Structures are given as structure tokens and as C-alpha cells.
Amino acid sequence: MLWLAFHFHSLSLEVFSRGAAVPEPLAVVEKQRGRTWVIACNDVAEACGVRIGMAAPAAQALADGLVVRKRDPEAERESLAGLAVWAGRFTPSVSLEPPAGLLLEISTCLSLHRGLAKLLKLARSGVNEMGYSAAMACAPTSHGAWLLAQAGVEKAVRDAARLETILAALPVTLLDQPPAVLEGLERVGAQTLGDCLRLPRGGVARRFGQSLVDELDLALGQLPEARAFFVPPASFERSLELPAPVRDAEALQFAAHRLLPELEGFLTLRQAGVQELELICRHERREDTLIKLGFAKPTRDAGRAQLLLRETLGRTRLEAAVHTISLRAPLLLPLSATCGDLFQKSREADGDLLLERLRIRLGKDAVYGIETAADHRPERGWRVCEAPAGAAANRHRPLWLLPRPLPCHDGRLKLTSGPERIESGWWDGADVARDYYVAEDRNGAQLWVYCDRVSGEWYVHGVFA
Amino acid sequence: MNPSLELVLQHPGIWRGNQRAQTADDALPTGFAALDALLPGGGWPRGALTEVLLSRQGIGELRLLTPALARLSEADGWLAWVAPPYVPYAAALAATGIDLRRLLVAKPRSEADAWWTAEQALRSGACGALLAWLRAADERRMRRLQLAAETGHTWGVLFRHARAAQDRSPAALRLLLEPSTEGLAVHVIKRRGGPVSRPVVVAMPQAGSVRRARRAAPTLSLLHS
């Protein structure tokens, strides 16, 4: 077993700040014992002199323009669930450690991610991309890893004996014990876990309760641990509240990027892809704006979604300021994992991307493929399609077809071949009865003309280009 | 000639005024031997713009390209048609051997969008060939397309009116097409490695069916709305 623990030490702060591209002084306060205290603040606020443990009015007096937010446990819970969804891209065994921790069992997925170092790097960049910060630690036991992460000891320990020496140096305050127990330990002079371990077991259990002994055994792997794993939701919808209302669609891009890694993790875990994504922009006192992203093929690649999002948002004009955005995957399509190319990037992927970009700028119906249709009438012998299947070749047809036949008068056309009679369509009201010829005009152009057998009029219907 | 001098002259870095440039780029055979002989590298230039100038549509300008397009459609990559003047007819295209699954038609609403689309298609490298019918060409736009074609290593074909023959152009190859009794007369106005004066006549496959018309020719001409 190898556990990777994340400790999101600034989660209470980051639920408010991660949607902002430029940090502004921010402090999160909580009411305790009748007074409002600062429980977290960002670097910008700290530079102004705001400290954790200050009274809220004092902090406000120190920093000009300090944004003070009340702690939002609900948002923290949601963020942690979102992070657990994201972590699904690494391993299906994800366990929550509320309020600000995640534990991943990674021994089985190391070779998939080509080693522990690569996995840690990927995890680190993912956390940053989503706008969080975390302390990460690895250990053979989940509680051991969690203690290390909480202490900010970012080590990857794979050996049980080494874990014991490293844990021994950690302060006892990290333990998940009631304050009375921690106070008692301090009174007997036990500052570190090592001190606790040196105390006689029986005495410790009698004096401080069995739970302390159990916790230490759990951390060292001497007691089996039972962890409940996180069950990902069936559908994906994640919201992000913006720190300040935004009007500019391009500024939304930054916030939306924060949600994409979660989506990627979710899709990986579900072995699914999306062909359409919805970005919902919520306004004050107004209908929500729905922005749709369409992909050429089902995908789960966050990079693709990011490119598409940039193109789409660059062309969107918002009618009102947005305070919250939501990203939703309306329909999940099965998509198996793709193999990475060993040597070169395939043109296929580029092709899909080009198609998506053109469709965003030109509109969905301005970019299409064509295919043949089984109908004798030339105007119905082809149709627009998304992905052409087969084609019935006919070499007696011109390469250009006029969108609608043009009547022709005066001047001379030389009929070079024909006629080819086409009579069809009496059943749907668009019946034709025509004799088609190939004709050459005075300039040497070869045209496809027909004589309407009902009216006797002549029309040009195509050009042999 | 001195054999050692001969050896020196064979160096690919040496270009003499009376010979065509040796392109390192792989050229795309046109399917017409007479034309291949005229073109640098023996075919359509990949990774560059080709301009096709004509005064009248329907003289065989697409039939000139179809062998190369059919060959390209066997590989990955789109054959992008940007702003075609008429409807590309599926059955006829299939008959020339082009795989319709590779065909991508874009009909931008504005001229600026059309130029943008052509540039994107060339630059992305996702297209084997780009065929574009663009108006309002100026040198800056043309140069952008030429650079995009080089970046994406894509064969870009621009159809323009014969009036533009006198304009300057950054395209690597410029052809002026005229109808002739035996087929299609191709004048090479510009190519890498000097101009040619004599037009080459390319025999075109007969358009449409081969049966002879029995009917008397009516008095007709095309009215363009």
C-alpha cells in the first residue's frame, strides 16, 4: 500500500480566491466565542499586516480595501468533493478527510503514471491549475501520510521503518485527539510523537484513553485501517463563484479554466467523453446565459476544451455582469482511453481541432461535409452531412452544381453530348422531367444544361469545372 | 565540361539561371505528364500557394486538380474547400476518386471570415489541400496565406480571375488557364526557377457522357443573376 495525502491548508481562503486572476487582499473570518476572528488571509493581506487570530475590525483597519468573507463550510465541502472528482484521474481509490484533506491509494497506479515522481508532478500542476495549494506526502499508511501532509513534511516515504523515524519528529498537536488529551500530553512533557511512543503503552492507554494508542498504531501501520472510498457523482456540474462580477467574456475564461481539470478527472474515472459542454453564466436578476461548446468527436482532453473555450468566449458578448459560472456535461458518451503516439502527432486530432475552431467562428452549418444521396434528381442527389458514409460515384455529373438552375436565353450553346433523361419525384411534389445535355458555350466553358420537358424551357444546372 | 566542375554544379545549393529550382519539398504529381515536366520538382508544390487564374469557370480547372486531390484523399487530412462558388457535386467528385469523407466545405458569410478560414486551414497542418475562392485579395493577405501554407506544409490553391495575372503575388506557382480545342491550355506565369513562355496543352477527360448529341443546338446563353 502506498498512500498519497493532500492537505489543502488554505482551502477556506481558496474557495473565494481561486476564480480571480489578480489576487486582492482577502481575509476569511469565523465567529468563535462571540467574537469574529481572522482564520485565514492571503499573502497580499499579510503584507498589509493582517495576521491569523486578529479580530476582524482590526484587520479591516490595517488593510485598505480588504475583502472580508465569512467562512463558508458548504463551499469547502463542495470544493473538496470537486478535488476528489479530479483525483479520480489518478486512481479510483480516493478517500475524503474532511474538512481539507484527500487520501489516494496509489500503489496500483504507479506504472500507469510512469512512476511516483511523474505522478507527484502531475498532481502538483493539477492542483495549481485549479487554483488550490496543497501539501503532499506519501507513506505506506493513510494516517501516516495524512500526518506528514498536515505537518507540511512533503516527503515520499515508502519504507515503514523510515516512516517511524520521520513521524517521531512531528509535534503531538497534529493528532486527532480532544484538547484535554493534548494538554495532558504537554503536561507530561511529550512534545513529539516520538515522545508519546516512548511512554509505556499500558499507562498511556489508561491515562489518555485507548484512542490515542490506536491512532499511533494506525499511523505506523500496526493496526489495520478501514477507509471509505469516495463515490463520484453520476453527472458533472460544478459552479465557481467569481470574486467580483465580471462583464468581459474573456475574463471568464480564467475562472472556467479552473473547472476543467475536475471535468477531466471526472471523465477519466467514468471512462467517458463529452461532445458538448455547457457553460452557464449566472447574472443578478436576469436569465442565465448559456454558452455551448461543441466538439467534433467525444473527448475528455482538458487542453482541447480550453482551446475551444478561448475561441468561444472570445466571440461571446455578455449582456450583464456574471457572478457565478457553472460547467456542465449534459451527456456522457462512452470513450475508451487512447494510446499516446510514440512518434508523431496524428493529423486526425489536428483535423478535429480545426473543424471545431471553424465551427465556432463561422457557425455550425457553415462548415460541413457532403455525401451522395440515392435520388435521380440532381438537386437531391447530394446532401450536407457531418460525417459522410459512402458515396455512389457517377462520372456523368459535373463537379459544380448550381444552387438552383438558371434559365438561359440568347447566344449559342453547342450541345456536345446527351440527352440523359431524368424523370423522378412525382411522389413528393418536387417532380422533375428533364433532358440533360453537356453544352459548350462561346468561351469554351462546359455546362450541364437541361430542357424541361413540361415547359420546354432551357436551364443551366451545372458546370464541368 | 570539366568533370570536376560538373560535380560542383550538381551540388543542390547551386542554382543556375537556366534551370528550374530543385525543391527539397516533395512535390505532388499532377497526373498530367506534360504539366509535371514544367513544374519544379515535377508536381504541385506542397507547403506553398498555387494560384489558378481563369476568366471563365467550367473550362476544366477542377479536373486539372482532381488527380492530385484524389491521391491526397487517400492520406489523412482534410481537403478543405473554402467559399466555393457553386455546390460541389458529390457524385461527380466521388467519380474522380476523391474520398468524400475527407472533404470539408466551409461557406463563410463574410470575405474577412473566408480569408481567416483559409489561413487557419493552411496553418493547422490538418489539411492535405486547401481550395479557396477568395475575393478582395491584396498582397498582405496573400503573403499571410503563403506563410501559413509553409507553416502547415499544406498545398493551397487559390482560384482568381485572370485579371489578376498582372498583379504581384507571393504564390510559389501561378497558372493561367484558357480553354483550347484539345483540352486546357496552361500558361505558367510564375514558378520557382523562372517563367516559361510556351503554354502547355493538357488533354482533359471528356466532360459528362460520351454519347453524341442528336438534338439541334438551341439558342442559349447563361444569364448570371
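Up top is the structure these notes are about.
Below, the structure is looked at part by part. All of these numbers come straight from a predicted model, not from anything done at the bench.

Digging into the overall build of chain B
- Along the backbone of chain B there are 6 helices and 11 strands.
- Looking at chain B as a whole, 53% of its 225 residues qualify as buried.
- Nonlocal contacts in chain B, meaning residues at least 24 apart in sequence, comprise 64% of its contacts between residues at least 6 apart.
- Of the accessible surface of chain B, which amounts to about 10300 Å², a share of 51% is contributed by carbon and sulfur atoms.

Overview of the nonpolar core
- Within the largest apolar cluster, 73 residues are counted, with the highest numbers of intra-cluster contacts made by B:Trp44, B:Trp81, B:Leu131 and B:Trp155.
- The greatest single-element share of this core, amounting to 7 residues, is contributed by helix α3 (residues 61–72) of chain B.
- Contacts of B:Leu131, omitting those with residues within four sequence positions, involve B:Leu62, B:Leu65, B:Leu69, B:Ala80, B:Trp81, B:Val82, B:Val157 and B:Phe159.
- Ranked by size, the runner-up nonpolar core spans 66 residues in total, among them A:Ala87, A:Ile291, A:Phe295 and A:Leu308.

Notes on the packing of helix α4 (residues 73–87) of chain A against helix α12 (residues 249–270) of chain A
All names here are of chain A.
- One way to put it is that α4 packs onto α12 with a least axis distance of 6 Å and a crossing angle of 55°. Our classification of the angle between α4 and α12 gives oblique. When you trace α4 past α12, the crossing you get is left-handed. Along the contact surface, α4 presents Gly82, Val85 and Trp86, while α12 presents Pro261, Glu262, Gly265 and Phe266.
- Class assignment for the residues of the contact of α4 with α12 results in 4 nonpolar, 2 polar and 1 charged.

A look at unusual backbone geometry
Residues and elements named next belong to chain A.
- For the peptide bond that leads from Pro98 to Pro99, omega is 5°, which places it in the cis range.
- Here Pro99 is to be found in the loop between β5 (94–97) and β6 (101–105).
- In the Ramachandran plot, Gln271 falls in the positive-phi region, its phi being about 55° despite a non-glycine side chain.
- Along the polypeptide, Gln271 turns up in the loop between α12 and β9 (272–283).
- Phi at Arg285 is positive, roughly 50°, even though this residue is not glycine.
- Relative to the assigned elements, Arg285 resides in the loop between β9 and β10 (289–299).

Things to note about helix α13 (residues 302–314) of chain A
Residue and element names in this part refer to chain A.
- An ideal rise of 1.5 Å per residue puts 18 Å on 13 residues; α13 measures up with 18 Å between its terminal C-alpha atoms.
- Every buried residue of α13 is listed here: Ala302, Arg304, Ala305, Leu308, Leu309, Glu311, Thr312 and Leu313.
- A side-chain oxygen of the first residue of α13 lies 3.1 Å from the backbone nitrogen of Gly303; this N-cap is Asp301.

Focus: the pattern of salt bridges
- Under the defined criterion, the tally for this structure stands at 37 salt bridges over all chains.
- A:Arg377 is the salt-bridge partner of A:Asp428, the closest N and O atoms lying 3.1 Å from each other. Of the two residues, A:Asp428 sits in the loop between β16 (414–424) and β17 (432–440) while A:Arg377 sits in the loop between β13 (367–372) and β14 (382–385), which places them 51 residues apart along the sequence.
- On the basis of relative accessible area, A:Arg377 is assigned to the buried category, the value being 2%.
- Measuring nitrogen to oxygen at the nearest pair gives 3.3 Å for the salt bridge that ties B:Glu139 to B:Arg168. With B:Glu139 in helix α6 (residues 139–152) and B:Arg168 in the loop between β8 (155–161) and β9 (173–180), this pair connects stretches of sequence that are 29 residues apart.
- The class of B:Arg168 is exposed, set by a relative accessible area of 67%.
- Because the salt bridges share partners, they merge into one network encompassing A:Glu237, A:Glu278, A:Arg282, A:Asp288 and A:Arg328.

What to know about the sheet that holds strand β19 (residues 458–463) of chain A
- Strand order in the open sheet made by the 6 strands is β16(A)-β17(A)-β18(A)-β19(A)-β15(A)-β5(B), with antiparallel pairing throughout. Strand pairing shows two members of the sheet lacking a second neighbour, β16 of chain A together with β5 (87–88) of chain B, which therefore form its edges.
- Pairing between strand β18 (residues 446–452) of chain A and β19(A): 5 bridges, direction antiparallel. Note on β19(A): the bridge partner recorded for A:Trp448 is A:Gly462.

Observations regarding helix α5 (residues 116–129) of chain A
All names here are of chain A.
- Between the first and last C-alpha of α5 there are 20 Å, a value that for 14 residues agrees with the 20 Å anticipated at 1.5 Å per step.
- The set of residues buried in α5 consists of Leu116, Leu119, Ala123, Gly126 and Val127. End-on view of α5: buried residues confined to an arc of 100°, all on one side of the axis. In α5, the exposed residues that point more than 90 degrees away from the buried face are Ala117 and Lys121.
- Check the buried side of α5 and you find it contacts β1 (3–7), α4 and β7 (135–139).
- Once α5 finishes, Gly131 follows within two positions and takes phi at roughly 90°, a positive value.

Things to note about the environment of B:Arg143
Residues and elements named next belong to chain B.
- Within the secondary structure, Arg143 is located in helix α6.
- Here Arg143 falls in the partly exposed class, since its relative accessible area comes to 43%.
- Between the C-alpha atoms of Arg143 and Leu49, which are 94 residues apart in sequence, the distance is 9.4 Å.

Observations concerning the sheet that holds β6(A)
Residues and elements named next belong to chain A.
- If you walk across this open sheet you meet the 4 strands as β5-β6-β1-β7, and the pairing is antiparallel. Only two strands of the sheet have a single neighbouring strand rather than two, namely β5 and β7. Going from strand to strand, the sheet's axes swing by 20° on average, the running direction of each strand aside.
- Here β1 pairs with β7 via 5 bridges, running antiparallel. Note on β7: the bridge partner recorded for Ala5 is Ala137.
- Set on the sheet, α4 makes contact with β1, β5 and β6; between it and β6 the angle comes to about 20°.

With respect to the environment of A:Leu197
Residue and element names in this part refer to chain A.
- Relative to the helices and strands, Leu197 resides in helix α9 (residues 193–198).
- Given a relative accessible area of 33%, Leu197 falls into the partly exposed group.
- Sequence separation between Leu197 and Leu216 is 19 residues; the distance between their C-alpha atoms is 7.9 Å.
- Dropping the residues within four chain positions of it, Leu197 is found in contact with Leu216 and Leu220.

Concerning the interface of chain A and chain B
- Tallying the contact residues gives 67 residues for chain A and 70 residues for chain B.
- A buried area of about 6100 Å², summed over both sides, lies between chain A and chain B, and 63% of it is on carbon and sulfur atoms.
- If you look at where chain A meets chain B, you find 2 salt bridges.
- B:Asp113 is the partner of A:Arg361 in a salt bridge, and the nearest nitrogen-oxygen pair spans 2.8 Å.
- Taken together, the connections running from chain A to chain B amount to 13 residue pairs in polar contact (both at pLDDT 80 or more).
- At 10 residues, the largest contribution of residues to the side of chain A that touches chain B is made by helix α14 (residues 347–362) of chain A.
- Partitioning the side of chain A that touches chain B into residue classes produces 37 nonpolar, 14 polar and 16 charged.

Looking at the packing of helix α10 (residues 201–208) of chain A against helix α11 (residues 210–220) of chain A
Residue and element names in this part refer to chain A.
- It is the contact of α10 with α11, at a shortest axis distance of 6 Å, that shows an interaxial angle of 130°. On the basis of the axis angle, α10 is oblique to α11. Contacts between α10 and α11 involve Arg201, Val204, Ala205 and Phe208 from the former and Gln210, Leu212, Val213 and Asp217 from the latter.

Rules of the game
Residues numbered from 1 in each chain as written. Chains lettered and ligands numbered in written order. Predicted model: local features only at pLDDT ≥ 70, side-chain atom pairs only at ≥ 80, totals over all residues. Heavy atoms only, no water. Helix = DSSP H or I, 4+ residues; strand = E, 2+ residues; numbered from the N terminus. Buried < 20%, exposed > 50% of the residue type's maximum accessible area, 1.4 Å probe, protein only. Contact = heavy atoms within 4.5 Å. Areas by Shrake-Rupley, 256 points an atom, 1.4 Å probe, with all protein chains shown as cover. Core = buried A, V, L, I, M, F, W, Y, C linked by side-chain atoms within 4.5 Å. Axes fitted to C-alpha atoms, helices over the stretch in contact; angles between N-to-C directions. Parallel < 35°, antiparallel > 145°, perpendicular 65-115°, else oblique. Left-handed = near helix turned anticlockwise from the far one by under 90°. Nonpolar A, V, L, I, M, F, W, Y, C, P; charged D, E, K, R; others polar. Expected span 1.5 Å × (residues − 1). Polar contact = N/O pair within 3.5 Å; in protein donor to acceptor, adjacent residues only side chain to side chain. Salt bridge = Lys/Arg side-chain N within 4 Å of Asp/Glu carboxyl O. Pairing = 2+ DSSP bridges. Arc of directions from axis to C-beta. Buried area = accessible area lost by both parts, 1.4 Å probe.

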